[in-house]
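Residue-level structure breakdown
Chain by chain, the residues:
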Amino acid sequence: MLKSLFTVSIVLFLFSGTVISGAYAQDQGIVLRAQQPWENYGVGTTCISGSSNLFIADDDGDGVAEILTGGFMYNLVEGSRSPAQAPLMIWNWNGQEVTLELSYKWPGNIRAVYASDLNGDGKTEIITAGTYRNETDTYNSLRLWHWNNQELSLVANHEGVAVTSLHVFDVDGDGVLELISVGRHQKESAITSRLTLWRYTDNLEVIDSLDLDSANVTNANSVFADNLDNNGQVEIVVAGYSDALNNSKGQVSIWHWKDNSFTLKANKQWQIIEDSYGLTIAGGVQGNTIVNNVKAADLNGDGQKELVTGGFSWDKERVVAQIKVLSWDGSDLTQIDSKEWSDDYLTEVKCISLSDVDGDGKINVASSGTIAAAGSFNNASAVSDRGQLRVWEWTDGGLDLLSSVEWSIDDGVCAWNLAAFDVDGTGGVEMVTVGCVGNEGLCDPNMRLWSLPQANNSTNATVYLAVAVLAAAVLLGVLLAWRKTSTKRSLVFS
């Protein structure tokens, strides 16, 4: 009996050593959790381009996160394209299955989606920006919707302002949220971009707007707002490029809105090399340097938020992916890190997300985009375009690559949009990508949900190991005590 119990304790102790290397050990690579095609996969096209066409929030207040997607859609009918539609889709994921809750379409397209309780009444407004087409014309349309898990209702709309990117923040500190947008704007014979500030109370109205050619902004791709330096003044950040496309400069401008007007506080441009540009995979002008997306978060834990941009630059041989980290001290924008990399002729960051995706309590930088060979758009024998998802961590004053994954299906992939959120409500943050997957001249967004092993897994493993070792030690102690008692008893009764 004693021998068998002692054997059990040894087995338990040995098992405790396998906790780390066995069930609780995890590879640190990005894991694909689920993928989801659209309804017209293989018979039509749905493309979700831009960098603001995916958003995750609890839109109906039921405690479950919904995934919002936009884009444009058409079907092939006897070889001809049907009129393009704007497909507003609402999805959820329970950790095992992706479910489409709503598919609502109208003539036009969606360039950006967002969700927030704009007027503070406890209901979340779903915000869509794009176009609407009637019998006579196509016009820009900004729309607000309510979704109650059964019905989608239009509650406000505004026509005539082009929108590429959206953000919501209390810009003037009055306790009421403002909606901020940027988009292309026709000004006389030239194209520039416009920054617009909106408010929704009973109606959706424009508070103020500014043509951004005053800061040499050629194209604004992304907008973000926050109090970056904790001084009480909110910074509005606009990112895109300046100058002509064939000599484009990556650009970030910072604006304050005070006393009912916009004021330019900083304007930073950059290139790797001058007076040159790369070509797209179809042979057109790609540009020199462009920012596709900008966001901000406290990466280094100092209490102030760093700006992070994602895009590309031209190094005279290749289009290289580029992520920059910038700090704002109230008067100057300073670069504190820049990462460039190339995996083929063209590597580009389309979107970034700032969130703790590995569960270690620190903000990660995640980036999605594409990798492509030169001329691959017109070259069937070229290596297929690949989607790319990368996760970075902040270490010793800079970004270090934590994990990366590339994938290609059908004729090629571009991961245009990225969002990070605890989609299934289990405590871990998932990364969601959508974009375009080529399929014999058609396109599908192919939504993918990804995750990284959580850092608390190793913590749990340590706890389990400690408990197992302690249990083994206690059991061994009990056995030894029992043995001593048994020995004394045998001496007394012998």
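Model, not experiment: these values are computed from the prediction. Residue numbers restart at each chain and count upward from 1, following the sequence in its written direction. Only residues with pLDDT of 70 or above have their local features reported here, since the model is predicted, and side-chain atom pairs are shown and tallied only from 80 upward, although totals for entire chains, interfaces and linings are computed over all residues. Here the side-chain values reflect all heavy atoms present in the structure, with hydrogen atoms and water set aside.

Next up on the list: the overall build of the protein chain. Counting from the N terminus, the helices are the DSSP runs of H or I reaching at least four residues and the strands are the DSSP runs of E reaching at least two. Of the regular secondary structure elements, the protein chain holds two helices and 33 strands. A 1.4 Å probe rolled over the protein chains alone gives each residue an accessible area, and that area as a share of the maximum for its type sets the label: buried under 20%, exposed over 50%, partly exposed in between. For the protein chain, the residues scored as buried account for 50% of the 494 residues in total. Two residues form a contact once any of their heavy atoms are found within 4.5 Å. Considering only intrachain contacts with a sequence separation of at least 6, the fraction spanning at least 24 residues in the protein chain is 52%. Looking at the protein chain as shown, the accessible area adds up to about 21800 Å², and 50% of this sits on carbon and sulfur atoms. Computed by Shrake-Rupley with a 1.4 Å probe, the accessible areas treat only the displayed protein chains as cover when residues are assessed.

Points on a 1 Å grid over protein atoms alone make up a cavity when a 1.4 Å probe fits among them but cannot get out, and a pocket when they form an open set with protein on both sides within 12 Å along at least five of seven lines; lining residues each have an atom within 4 Å of a point. Grid points are joined across faces, edges and corners, and a volume is the space filled by probe spheres set on the points. The full count for this structure, using the stated rule, is three cavities of 30 Å³ or more. Considered as a void within the structure, the largest cavity measures approximately 40 Å³ in volume. Considering the residues around the largest cavity, the lining is formed by Trp-407, Val-413, Cys-414, Ala-415, Thr-433, Val-434, Gly-435, Cys-436, Val-437, Pro-445 and Asn-446. Those elements that place two or more of their residues in the lining of the largest cavity are strand 30 (412–421) and strand 31 (430–439). The leading source of residues in the lining of the largest cavity is strand 31, at five residues.

The relative placement of two aromatic rings is captured by the distance of their centres and the angle of their planes. A pair of Phe, Tyr and Trp rings is counted when the ring centres sit within 6.5 Å of each other, with Trp represented by its six-membered ring. The angle between the planes then sorts it: under 30 degrees is stacked, over 60 is edge-to-face, the rest tilted. Under the criterion given, the structure shown has nine aromatic pairs. On the numbers, 4.7 Å between centres and 55 degrees between planes, the contact of Trp-38 with Trp-91 is tilted. Within this pair, whereas Trp-38 is found in the loop between strand 1 (31–36) and strand 2 (44–47), its partner Trp-91 is found in strand 7 (residues 85–93), the two being separated by 53 residues in sequence. Considering the side-chain rings of Tyr-104 and Trp-145, the 5.4 Å spacing of their centres and the 65 degrees angle between planes classify their relative orientation as edge-to-face. Note that Tyr-104 is positioned in strand 8 (residues 98–116) and Trp-145 in strand 10 (residues 138–147), a separation of 41 residues in sequence.

Membership of the largest hydrophobic core comes to 31 residues, with the highest contact counts inside it found for Ile-127, Leu-142, Leu-166 and Leu-179. The set of elements that each furnish at least two residues to this core consists of strand 3 (54–57), strand 7, strand 8, strand 9 (125–133), strand 10, strand 11 (152–159), strand 12 (165–169) and strand 14 (190–200). Per element, the largest residue contribution to this core is seven residues, and it comes from strand 8. Not counting residues within four places of it along the chain, the set of residues in contact with Ile-127 comprises Ala-112, Val-113, Tyr-114, Leu-118, Leu-142, Arg-143, Leu-144, Leu-166, Val-168 and Leu-179. Core analysis: the second largest hydrophobic core is formed by 18 residues, Leu-54, Ile-56, Val-423 and Val-434 among them. Buried residues of nine kinds, namely Ala, Val, Leu, Ile, Met, Phe, Trp, Tyr and Cys, make up a nonpolar core once their side-chain atoms join them within 4.5 Å.

A strand pair is defined by DSSP finding two or more bridges across the two strands. Taken together, four strands build an open sheet; the order of strands is 16-17-18-19 and the sheet is antiparallel. What marks the edges here is a single partner per strand, and that holds for strand 16 (217–226) and strand 19 (261–270). Adjacent strand axes in the sheet meet at a mean angle of 25 degrees, parallel and antiparallel pairs treated alike. Two elements, strand 16 and strand 17 (residues 235–242), share eight bridges in a ladder whose sense is antiparallel. Its bridge partner being in strand 17, Ala-220 is matched across the sheet by Gly-240. Angles here are taken between N-to-C directions and fall from 0 to 180 degrees, while the axes themselves are lines fitted to C-alpha atoms, restricted in helices to the stretch in contact.

The strand order across the open sheet formed by four strands is 12-13-14-15, and the pairing between neighbours is antiparallel. Strands with a single pairing partner mark the edges of an open sheet, and in this sheet they are strand 12 and strand 15 (204–211). Averaged over all neighbouring strand pairs, the angle between strand axes comes to 30 degrees, with direction disregarded. Note that strand 12 and strand 13 (residues 178–187) share five bridges and pair antiparallel. The residue of strand 13 that forms the bridge with Ser-165 is Val-182.

As a volume, the second largest pocket reaches approximately 610 Å³. The wall of the second largest pocket is formed by 29 residues, among which Phe-55, Tyr-114, His-167, Phe-224 and Lys-295 lie closest to the centre. Looking at the lining of the second largest pocket, the elements with two or more residues in it are strand 3, strand 8, strand 12, strand 16, strand 22 (289–297), strand 26 (346–355) and strand 30. Across the lining of the second largest pocket, the residue classes tally to 18 nonpolar, nine polar and two charged. Ten residues, namely Ala, Val, Leu, Ile, Met, Phe, Trp, Tyr, Cys and Pro, are considered nonpolar, four, namely Asp, Glu, Lys and Arg, are considered charged, and the remaining ones, Gly among them, are considered polar.

Here we take up the pairing of strand 4 (residues 66–69). Side-chain alternation along strand 4 places Glu-66 and Leu-68 on one buried face and Ile-67 and Thr-69 on a second face that is also buried. When strand 3 meets strand 4, the two strands line up antiparallel, connected through four bridges. Looking at strand 4, one finds that Phe-55 is bridged to Leu-68. Sheet analysis places strand 4 next to strand 7, joined by three bridges and oriented antiparallel. If you follow Leu-68 over to strand 7, its bridge partner there is Ile-90.

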